[in-house]
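Observations on the model geometry
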Amino acid sequence: MFSRHIAQRGRFVGVAALTMAAGLVLAGCATGDAAEPAADSGGDANLAITFLPKNLGNAYFDTSNAGGAEAIAEFGGTYQEVGPTEASPTSQVSFIQTAIQQGVGALVVSANDPAALCDSLDEARSAGVKVVTFDSDTNPECRDIFINQAEAEGIARVQVEMVAEGIGGAGQVAILSAAANATNQNAWIELMQAEIAANWPDIELVDVVYGDDDDQTSFDRTAALLQTYPDLAGIISPTTVGIAAAARYIQTSEFKGQVVVTGLGTPNQMREYVEDGTVGAFALWNPADLGYLAAYAAKALVEGSITGAEGDSFDAGRLGSYTVGADGAVLLGDPFVFNADNIADFNF
Amino acid sequence: MTELSTGARRERVMIPHSRALWKRVTLTREAAVIGMLALVIVVAMNVVPNFDSPLTVTFLLRDLAPILLIALPMTLIIITEEIDLSVASIVALSSVTVGILTRDGAPFELAMVMGVLVGAAAGAINGFLVTVVGLPSLAVTIGSLAMFRGISVGLLGTQAVTDFPDTWTSLARANIPGTPVPAIMVVFVVLAAIFAIVLHATPFGRGLYAIGLNQEAAHFSGVNVARTKFVLFVVSGAVSGFAGVYFTLLYGNARGENATGMELAIIAAVLLGGVSIFGGRGAIHGVIAGVLLIGIIGSALRLAGVTADIINVITGVVLVLSVVGTSFLAWLQRSRASARARGGNQG
C-alpha cells in the first residue's frame, strides 16, 4: 500500500511536470517577442531597454514607466518592465541578473538601496548593459546616469510662485512643514525664505509650523495658524501629508476660497480639493516625464552618443535637449504644477 | 469472468512486491521530482530565449545557495515531524550581527564567525523550548520567527550596513575557476554529502525516520529523541547563520528585513522534494531537486518576461498540485481498490 501510494505520487508529479512544461512553452511563445533583445532595431544599437522600478503595483512607477514606454515606442526600441512585488534591494538583484542574461541594451532602475545594488549593477555594466537610475539613485560610481526629478532651488521657487499667484503677489503667508528636523524640508524652507526676500517684497512670511508629517497634527497646526493670524492669505506645505491636511481643514472652514493652500502633493491625494476649488495648484515632478527622459538617456548611452560625463548633451524627444551635470546627474527640470486643468491626466 | 476477478484480486494483493525493481527505483517521489527537473530544464533550454547560457547557472546557483543550504537541516527536522519556521529570521539576525560588528570596526573574520554562532544560539533557544520545555515546534518557531525578526529590525532600524571587505564580497560572488559554477557550491556539496551520509547511512539518521514515524516507538527502541531534536535545531540555526553571512556578502547589505519570507520557499521546496510533512520519509537528493526545480521555474519564467506576481502564482500552483494532488490520487486509488475488492470493474 505504501509503495503504491508513492507510485501514484510519482505519476502525479509527472503530470504536474507536463503541465508546467506546457506552461513554460506557452509563456515562452507569448512573451518571446518582449524578452528577445531588439538587436535589429535602431541600426547597430541594442535598444532593448528594461525598466526596473522599486516594486510593481505602485501607481507612481506605473506612471513613470508608461512615460518610458512612450519614449521607447517613439525611437523604436523594445520596452520591458520587470520588478519585485516587494520593495527590497535583494529582490531587485534577480531582475538585474535576468536583464544581463537577456543581453538588454540598458537597464533603467529606481534603486531600493544606494549601495546594495552596486555589485549587481557592476556585473551588468561589465556585461555591456548601460545603467540609468531614476527617482532613487545609487552611489554615482555604480551607474552611468542618474535622472534627478527635482532640485531644491526649483522646488522652493515654484512653491513661492504658486502662493504668490494665488494671493496676488502680496500678503501674509505661513509654512506648514513636516518634522522640525526634516532635512529636505528645512533646506527648501531656507530657499523659500531667500526667494521671498529677493523677489517678493510684498509677501510676509509670518510663521513656520511643524505638523510632523502626521495628518492630525498637521490639521491642528493649520487651525492654530488661522486663529493666530486672522489676515493670513496663504499656506505653503512642502510635504504631501501637510498639504492634504491643510486642504482638508480649509475645505470645511469659513476660510475656503479666502486662504490659498499650496505646496507639494500627489494628484490622487489632492484631487478632491482641486476639483472643489479648495486648492488652486500644487506641485511635484511629473513621473511620466521622468520615465520618458530616462528612456532617452538610456538610448543616448546605448548609441554611444554620450558616456554620462559632465557636459554631455542629448536629445529627449518632446522634452527637448538635456545636458549631463556633475556626478552624471541629469535634472528633469522645475517641478510640475498640477491644477484643475491637468489633474485628470494623472493617476498616482 | 470468475478467472478474471480472481486475477484482479491476486494482483491487488501482490502489488507491493510484484513491482519490478526498475519500477521501484524509478517510480519514487524523488525520481519523479528529478524527472520533472530534467524536463523543465530541457523545455526551458529550447523555449526560453537566453536560458541556455552559463550565466543562468551562475546566477541561479548563487541566488539559490542560501535556500539549498538551509534546506539540508530543514529536511532532517521535517523528517522527525518537527518544523523550523524561524530560519529566515535567523538569516536576518546573522546578517545584522555581521553588519553591526563590521560597522563598529570588528575584524571581519570575527564578524562572520559571530554570525554563525548567533545562528547556532538562536537554534539552541528553539531546541530548548521544543525539547526541554516540551512545546510544539510549530508554535515555538512561529514565535521565534517574529522574535528574531523583531530583534534584527530593532538592532539596525531603518539603516543598512553596506560596506564590507571587497575580498570577501568578491569571494561570495566568485565562480570555481574555469566554470560557471559559484564557489559557494563547494561548501554546499560538502555539506550536502555530510547530511546525506548522516541521514541515510548512520544510526542517528535512521533514528530520525524512526522518530518521524513513531516517536514513542523510537524512544523505546533507544533513540534519544530530545537530544536528537535539540541537535537538529542547533544545526539548523548554525547553517541559517552561515547562510546569513553568505547572504550579506552576496547582496552586499545587512538589514533587518533581509530574507523575509525565505522560510516558506525553503519549506515548500523540501516538501516538493518528497519529504512528508507528517515525518518519517524523505531524502536529501529529492530535496535538492525540489529546490532546483522551484528555482529554475522562477528563473525561466523571469527570463521569459513573466512578472513577479504571476511567477508567485505559478510556483504556488505547482506546489499545491504536488502536495494536494498526491493526497487526492491516493484517495482515488484507495476507492478504486475497494471498488475492485467489492468485485466491481477492473480499474
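Description of the structure in this document. This structure is a prediction, so every number in the text was calculated from the model and none was measured.

Rules used in this analysis
- Residues numbered from 1 in each chain as written.
- Chains lettered and ligands numbered in written order.
- Predicted model: local features only at pLDDT ≥ 70, side-chain atom pairs only at ≥ 80, totals over all residues.
- Heavy atoms only, no water.
- Helix = DSSP H or I, 4+ residues; strand = E, 2+ residues; numbered from the N terminus.
- Buried < 20%, exposed > 50% of the residue type's maximum accessible area, 1.4 Å probe, protein only.
- Polar contact = N/O pair within 3.5 Å; in protein donor to acceptor, adjacent residues only side chain to side chain.
- Contact = heavy atoms within 4.5 Å.
- Pairing = 2+ DSSP bridges.
- Axes fitted to C-alpha atoms, helices over the stretch in contact; angles between N-to-C directions.
- 1 Å grid on protein atoms, 1.4 Å probe; cavity = no way out; pocket = protein on both sides within 12 Å on 5 of 7 lines; lining within 4 Å.
- Points joined across faces, edges and corners; volume = space filled by probe spheres on them.
- Nonpolar A, V, L, I, M, F, W, Y, C, P; charged D, E, K, R; others polar.

Notes on unusual backbone geometry
Among all residues except glycine, the phi angle is most often negative; among peptide bonds, the trans geometry is most common. A positive phi angle is found at D327(A), which is not glycine, with a value near 60 degrees. Structurally, D327(A) is set in the loop between β12 (321-323) and β13 (329-331). The residue A259(B) is not glycine, and still its phi comes out positive at about 65 degrees. One can find A259(B) in the loop between α12 (225-251) and α13 (262-272). By relative accessible area, which is 10% here, A259(B) ends up buried.

Re the side chain of T131(B)
All names here are of chain B. Looking at where T131 falls in the secondary structure, it is placed in helix α6 (residues 108-132). Among the polar contacts listed, one links the side chain of T131 to the backbone oxygen of G127, at a separation of 2.7 Å. T131 has contacts with A226, K229 and F230, leaving out every residue within four places of it along the chain.

Here we look at the sheet that holds strand β5 (residues 145-148) of chain A
Residues and elements named next belong to chain A. Ordered in space as β2-β1-β3-β4-β5-β13, the six strands form an open sheet in which the pairing is parallel. The open sheet is flanked by β2 (78-81) and β13, the only strands paired with a single partner. Averaged over all adjacent pairs, the angle separating strand axes in this sheet is 20 degrees, with direction ignored. Sheet topology places strand β4 (residues 130-134) next to β5; three bridges connect them, and they run parallel. Bridge assignment links V132 to a residue of β5, and that residue is I145. Of the strands in this sheet, β1 (48-52), β2 and β4 touch helix α2 (residues 59-75), which is tilted by about 165 degrees from β2.

Describing the layout of surface pockets
Taken as a whole, the largest pocket holds about 1400 Å³ of empty space. Elements that contribute at least two residues to the lining of the largest pocket include exactly α3 (89-102) of chain A together with α4 (54-79), α12, α13, α14 (284-303) and α15 (308-341) of chain B. Per-element accounting of the lining of the largest pocket gives the leading share, eight residues, to α3(A). Of the residues belonging to the lining of the largest pocket, the class tally is 21 nonpolar, 18 polar and five charged.

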